[in-house]
Amino acid sequence: MPLRVVHSDHEPARPGPADAATSLLELVHTGDPRTGAALFDLVGAQVNRLVWRVLGADEDHDDLVQQVFVALLAGLKRVREPEALRGWVAAVTVNTVRSEIRRRRVRRLFGMQAAAAEQVHTPAASHEARELLERTYGVLARLPADERIAFALRFIDEQPLGDVAAACDCSLATVKRRLSAAQARFRRLAERDPMLAEHLRELEVKR
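Residues numbered from 1 in each chain as written. Predicted model: local features only at pLDDT ≥ 70, side-chain atom pairs only at ≥ 80, totals over all residues. Heavy atoms only, no water.

The name recorded for the protein chain in an unreviewed UniProt entry is Sigma-70 family RNA polymerase sigma factor, from Nannocystis punicea.

Printed below as a string of structure tokens:
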């Protein structure tokens, strides 16, 4: 006799993101030791994605993610509304990455750190796609920090303008100016690379 699965109308629904955020804030405000693990479970993928989108496959990726979570845990009590959690996480992540980009530039300026080529290792569809991605991040590494971050969030992570502005902690008008400057600078630098220049021309033809 085949088994039948009986679905009860009273089965508890799995908690959604809003419920999970509410539970997390309750944990932190009561000083529950499970807060750290709950925070990582809820936003770990978001933080990892944002760091990768801005920096590519960086050798210090894990250390940066750890820095982000230290900052998140230190400031989590300031978040009052569950729906504000992910936006706040994005802003803290962006601020941490921005600080790291600027520290690296200062170290390089004083010869304390060699300028390393951007090596991006990713399961792209082909060698050509991997090469294109590596060259793209090589160009992005030459942009000012604020322009690089805005460009990555908008065109690589494909976030809406409002979310990019919120993550960058600036007005919509400011983020539009940064994106305009970043696009112009990126194009100027990319035109010096035959592979990127050809890719840009192909994109224009498809529009």
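A. Geometry of the overall build of the protein chain. In terms of helices and strands, the protein chain carries nine helices and zero strands. Ordered by position from the N terminus, the helices and strands of the protein chain form the series α-α-α-α-α-α-α-α-α. Each of the 207 residues in the protein chain was classed as buried or not, and the buried ones make up 38%. Sequence separation of 24 or more characterises 64% of the internal contacts of the protein chain that already satisfy a separation of 6 or more. Roughly 12900 Å² of accessible area belongs to the protein chain as shown, and the carbon and sulfur atoms make up 54% of that amount. (Helix = DSSP H or I, 4+ residues; strand = E, 2+ residues; numbered from the N terminus. Buried < 20%, exposed > 50% of the residue type's maximum accessible area, 1.4 Å probe, protein only. Contact = heavy atoms within 4.5 Å. Areas by Shrake-Rupley, 256 points an atom, 1.4 Å probe, with all protein chains shown as cover.)

B. Molecular detail of the pattern of salt bridges. Within the structure shown, the criterion is met by 14 salt bridges. Between Arg49 and Asp157 there is a salt bridge, and its shortest N-O distance comes to 2.9 Å. A residue pair is termed long-range when its members are at least 10 positions apart, and Arg49 in helix α2 (residues 35-55) and Asp157 in the loop between α6 (145-156) and α7 (161-167) qualify at 108 residues. Arg49 gets classed as partly exposed once you look at its relative accessible area, which sits at 33%. For Arg104, the salt bridge identified is with Glu100, shortest N-O distance 2.8 Å. Of this pair, Arg104 and Glu100 both sit in helix α4 (residues 85-109), separated by four residues, roughly a single helical turn. The exposure classification of Arg104 matches that of Glu100, with both residues buried. (Salt bridge = Lys/Arg side-chain N within 4 Å of Asp/Glu carboxyl O.)

C. Region of the structure containing the environment of Arg178. Secondary-structure assignment places Arg178 in helix α8 (residues 172-190). By relative accessible area, which is 19% here, Arg178 ends up buried. Sequence-distant contacts of Arg178, defined by excluding residues within four places in its chain, comprise Asp146, Glu147, Ala150, Cys168 and Cys170.

D. Fine view of helix α5 (residues 127-140). In this model α5 runs 20 Å from its N-terminal to its C-terminal C-alpha over 14 residues, within 8% of the 20 Å that 1.5 Å per residue would give. For α5, the full list of buried residues reads Leu132, Thr136, Tyr137, Val139 and Leu140. Relative to the axis of α5, the buried residues are bounded by an arc of 155 degrees and lie together on one face. Packing partners of the buried residues in α5 comprise α2, α6, α8 and α9 (194-206). (Expected span 1.5 Å × (residues − 1). Arc of directions from axis to C-beta.)

E. Structural detail: the packing of α5 against α9. Remark: α5 packs on α9, axes separated minimally by 10 Å, with the N-to-C direction vectors making an angle of 100 degrees. The angle between the axes of α5 and α9 places the two elements in the roughly perpendicular class. Across the interface between the two elements, Glu128, Glu131, Leu132, Arg135, Thr136 and Val139 from α5 touch Met195, Leu196 and His199 from α9. Considered class by class, the residues forming the contact of α5 with α9 number four nonpolar, two polar and three charged. (Axes fitted to C-alpha atoms, helices over the stretch in contact; angles between N-to-C directions. Parallel < 35°, antiparallel > 145°, perpendicular 65-115°, else oblique. Nonpolar A, V, L, I, M, F, W, Y, C, P; charged D, E, K, R; others polar.)

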